[in-house]
Each structure stands twice: as structure tokens, then as C-alpha cells.
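A closer look at the structure
Chain by chain, the residues run as shown.
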Amino acid sequence: MREKYDVVIIGGSIAGVSAALTCINRGKSVGVITNSAETSSLYKAEKITNYPGIPAATGKEISEILSSQLLSSGADVISGRALSVMPIGKSFGVAVGSDFCNCSAVIIAAGITREKLYPGEGEYLGRGVSYCATCDGMLYRGKTVAVIGSGEEAAQDADFLESIGCSVLRMTKAARYEIRGGLKADTVVVGGEEHKVDGIFVIKDTVSVTKLVQGLAYSDGGIVTDRKMQTNVPGVFAAGDCTGKPYQLAKAAGEGNVAALSACEYIDNNK
Ligand SMILES: Cc1cc2nc3c(=O)[nH]c(=O)nc-3n(C[C@H](O)[C@H](O)[C@H](O)COP(=O)(O)OP(=O)(O)OC[C@H]3O[C@@H](n4cnc5c(N)ncnc54)[C@H](O)[C@@H]3O)c2cc1C
């Protein structure tokens, strides 16, 4: 990962790859932060017959073509989960795990982003609730923490926390968790049972987009954009399923292209 890119794209499926290819064609440096292809909606599609130029293919097949196209495009592919986007003057700082990069514009292409948080998750984020064990684990050395999440990353984070001396409650069930506390979160409630902890790590594939970018406008199941795919935060654009229905490949690819052209224009106008 470089220190600085013209454009950082969050999500490396069809909307993100479409955006990356256009930004590269426009001469911009591009970093694409993405979870593995298996996490995308595209990968799960059994058979796609309505994407122009491809008579019929599985989502996995299209996904593999996109991944190799992205790898050879000149964009930097950064594996991992983007955790936050922070405005810093005219640019943005983007956190990926414990790493960090800067950019002039951001395109969110994160797929369907359900804004449903566990009760208490949003309220206590940064006050006992964390999305990143590598970033915040040391704060809980020798203490009891809960790791909520069933994926590989959650298991790895739980292992890491144990390795630095935390006592870890692994909460891997798909259940309704509730986070409670006073000034800081100190309890996870699941199935009517209360678990007292010092810290809580919530490890999901996606980060709620309104937590990813503070102040981002969201409504009716999607990030609010104008026709240029500009969000209400200047310099932040969005494309694909994350902007709402219809959830379709052709729409995602088209929006990725428009978002990229707008991001390039934004950068050129703000030099
Ligand atoms: C079962 C099924 C069948 C479908 N069939 C069709 C069909 O026949 N025709 C059709 O047109 N469409 C179909 N779709 C819809 C289509 O797959 C989606 O519209 C399309 O994949 C959306 O692309 P996207 O790039 O917006 O999001 P996605 O393909 O979902 O990709 C988003 C990527 O971003 C990653 N991401 C999210 N947050 C972060 C973060 N914070 N950091 C890093 N990475 C992140 C995700 O993990 C994911 O890998 C189907 C979908 C499903 C689930």
C-alpha cells in the first residue's frame, strides 16, 4: 500500500472494478481496498444471463475475471476491510486494519450495506466497542474481551487477542447481541445471558457506511447520491448496490464508471 493515492475505492467487485479501470484510464493512481471476492453478492449469483457481452456465467466466473482484470490494471489491490474514512483538510485518511493511506477522493463500492447495527454498537463505538483488534487490542491486554463474528477474520482476531494476553469470549453464533454499559461498554447480552467484559470487538465483513464516513447521508436502503454519484460529503462518491436498488450488475458497473469520472473531475478541479 502506498502512502497516497489520487483515488481510494472501497470494494473490489463489479462497481469497484468498473470505477478503478476508469480512474486508471484517466491517469489517476488508485488503491482498491477490498475483502475477498467470496464476500461479494456477485460471487453468490448462481447464473447471470442479463449482463451485456457475457451470454451466461456464474457469479464466481465473472468475479474471477474481474479480480484478474483489476490485478493487471495498474491499481493497487489492498486486501482487507476499510474501517474509516476521515477528512484531513482537502484529502482523506483511510484506515485499513492497522494501516493507513491518504487520498484525494474516495469511491464507496461496498455492496449492500445494511445499516442494522447491534443495539448499543453505534453508541459505544470508540468507547469499549472496536472494529479492529490490531488497532485497539493492546488497550485490553490482560483483560476480558468479547469477539462477535463468525468469519475467518473474527477467528484470527480472537487468536491475536489471546496471544497478547486477553481472555477472549468468542461469540460466533448468528444471534441478536446487545451491547450495554455506562460511560463505556461493559456487557454483552445474548440469549438473555449477560457477559461482563472490558472490551468488545465486532468483526463483520462490512462496516456500516455511516460509521465508515461520518455524516454520510443514507436513506431508503442506500447512500444518497446525485446523478454524478457524488454523496453529500465533497470528494466522496458511491456506486453499485450500496446506493440502493435495483441490485443489478449492469447498474453497478455503470455507476462505478460515473463515480470514477466524477472523482477524476473533482480531483482536477481541486488541484
Ligand atoms: C444470489 C444472487 C443472484 C444475483 N443474480 C443477479 C443476476 O442474475 N443479474 C444481475 O444483474 N444481478 C444479480 N445479482 C446482484 C448482483 O450480484 C449485484 O448487483 C452486484 O454484485 C453488485 O455489485 P457491487 O460491486 O455493488 O457489490 P458486491 O458485488 O456485493 O461487492 C462489494 C464488495 O465490497 C466489499 N466490501 C464491503 N465493505 C467493505 C469494506 N469496508 N472494506 C473492504 N471491502 C468491503 C464486500 O465484502 C464485497 O466484496 C445477484 C445477487 C445475488 C446475491
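Cut-off values and rules
- Residues numbered from 1 in each chain as written.
- Predicted model: local features only at pLDDT ≥ 70, side-chain atom pairs only at ≥ 80, totals over all residues.
- Helix = DSSP H or I, 4+ residues; strand = E, 2+ residues; numbered from the N terminus.
- Rg over C-alpha atoms; globule rule 2.2 N^0.38 Å.
- Buried ≥ 20, exposed ≤ 12 C-beta atoms within 10 Å, placed from the backbone.
- Domains from an automatic or database assignment.
- Contact = placed C-beta atoms within 7 Å.
- Nonpolar A, V, L, I, M, F, W, Y, C, P; charged D, E, K, R; others polar.
- Pairing = 2+ DSSP bridges.
- Axes fitted to C-alpha atoms, helices over the stretch in contact; angles between N-to-C directions.
- Near = placed C-beta within 6 Å.
- Expected span 1.5 Å × (residues − 1).
- Parallel < 35°, antiparallel > 145°, perpendicular 65-115°, else oblique.
- Left-handed = near helix turned anticlockwise from the far one by under 90°.

Across its full length, the protein carries eight helices and 16 strands. Its C-alpha radius of gyration of 19 Å places the protein within 12% of the 18 Å reference for a compact globule of 271 residues. With the C-alpha coordinates of the protein rotated into their principal frame, the extents come out at 55 × 45 × 35 Å. Across the 271 residues that make up the protein, the buried fraction comes to 44%.

Take the domain arrangement of the protein next. Many structure descriptions define interface size as the accessible area lost when the parts assemble. On domain assignment, one finds that the protein holds domain 1 (4–113 + 207–269) and domain 2 (121–202). Centre-to-centre, using C-alpha coordinates, domain 1 lies 29 Å away from domain 2. On the domain 2 side, the residues contacting the five residues of domain 1 number six residues. Of the residues belonging to the side of domain 1 that touches domain 2, the class tally is two nonpolar, two polar and one charged.

With that out of the way, let us pick up the sheet that holds strand E11 (residues 185–190). Reading across the sheet, the three strands line up as E10-E11-E12 and stay open at both edges, with antiparallel pairing between neighbours. Here the strands that pair on one side only, and so sit at the sheet edges, are strand E10 (177–181) and strand E12 (193–196). Between one strand axis and the next, the sheet turns through 30 degrees on average, direction left out of account.

Attention shifts here to the site of the ligand. Around the ligand, the structure places 34 residues, and the nearest of them are Gly11, Ser13, Ser40, Gly111 and Gly240. Counting only elements with at least two residues in the shell around the ligand, the list comes to helix H1 (14–25), strand E2 (30–34), helix H2 (41–44) and helix H8 (249–269). Taken together, the residues that form the shell around the ligand break down as 16 nonpolar, 14 polar and four charged.

With that settled, consider H8. If you check H8, its first and last C-alpha atoms are 30 Å apart, about what 21 residues at 1.5 Å a residue would give, namely 30 Å. Among all positions of H8, only Leu249, Ala252, Ala253, Glu255, Gly256, Ala259, Ala260, Ser262, Ala263, Cys264 and Ile267 are buried. Check the buried side of H8 and you find it contacts strand E1 (4–10), H1, H2, strand E6 (99–108) and strand E16 (236–238).

Here the focus is the sheet that holds strand E8 (residues 144–148). The strand order across the open sheet formed by four strands is E7-E13-E8-E9, and the pairing between neighbours is parallel. The outermost strands of the open sheet, each flanked by one partner alone, are strand E7 (129–130) and strand E9 (167–171). One ladder, built from five bridges, connects E8 with E9; its direction is parallel. For isoleucine 148, the partnering residue across the bridge sits in E9 and is methionine 171. Against the sheet, helix H6 (residues 152–163) touches E8, E9 and strand E13 (199–202), its axis set at about 170 degrees to E8.

Below, the discussion takes up the packing of H1 against helix H3 (residues 59–71). Packing of H1 against H3 brings their axes to within 10 Å, and their N-to-C directions diverge by 30 degrees. Taken together, the axis directions place H1 and H3 in an arrangement best described as roughly parallel. Note that H1 runs across H3; the crossing there is left-handed. From H1, Ile14, Val17 and Ala20 reach across to H3, where they touch Leu66, Gln69 and Leu70.

Below, the discussion takes up the packing of H1 against H8. It is the contact of H1 with H8, at a shortest axis distance of 7 Å, that shows an interaxial angle of 35 degrees. Both H1 and H8 take part in a crossing whose hand is right-handed. Here H1 contributes Ile14, Ala15, Gly16, Ser18, Ala19, Thr22 and Cys23 to the contact with H8, which in turn contributes Leu249, Ala252, Ala253, Glu255, Gly256, Asn257, Ala259, Ala260, Leu261, Ala263 and Cys264. Considered class by class, the residues forming the contact of H1 with H8 number 12 nonpolar, five polar and one charged.

To continue, consider unusual backbone geometry. The linkage connecting lysine 245 with the following residue, proline 246, adopts the cis geometry, with an omega of -5 degrees. Here proline 246 shows up in the loop between E16 and H8. The phi torsion at aspartate 220 lies on the positive side, around 50 degrees, for a residue other than glycine. The residue aspartate 220 is located in the loop between strand E14 (218–219) and strand E15 (222–223) in this model. Phi is positive for methionine 229, which is not a glycine, with a value near 65 degrees. Assignment of secondary structure puts methionine 229 in the loop between E15 and E16.

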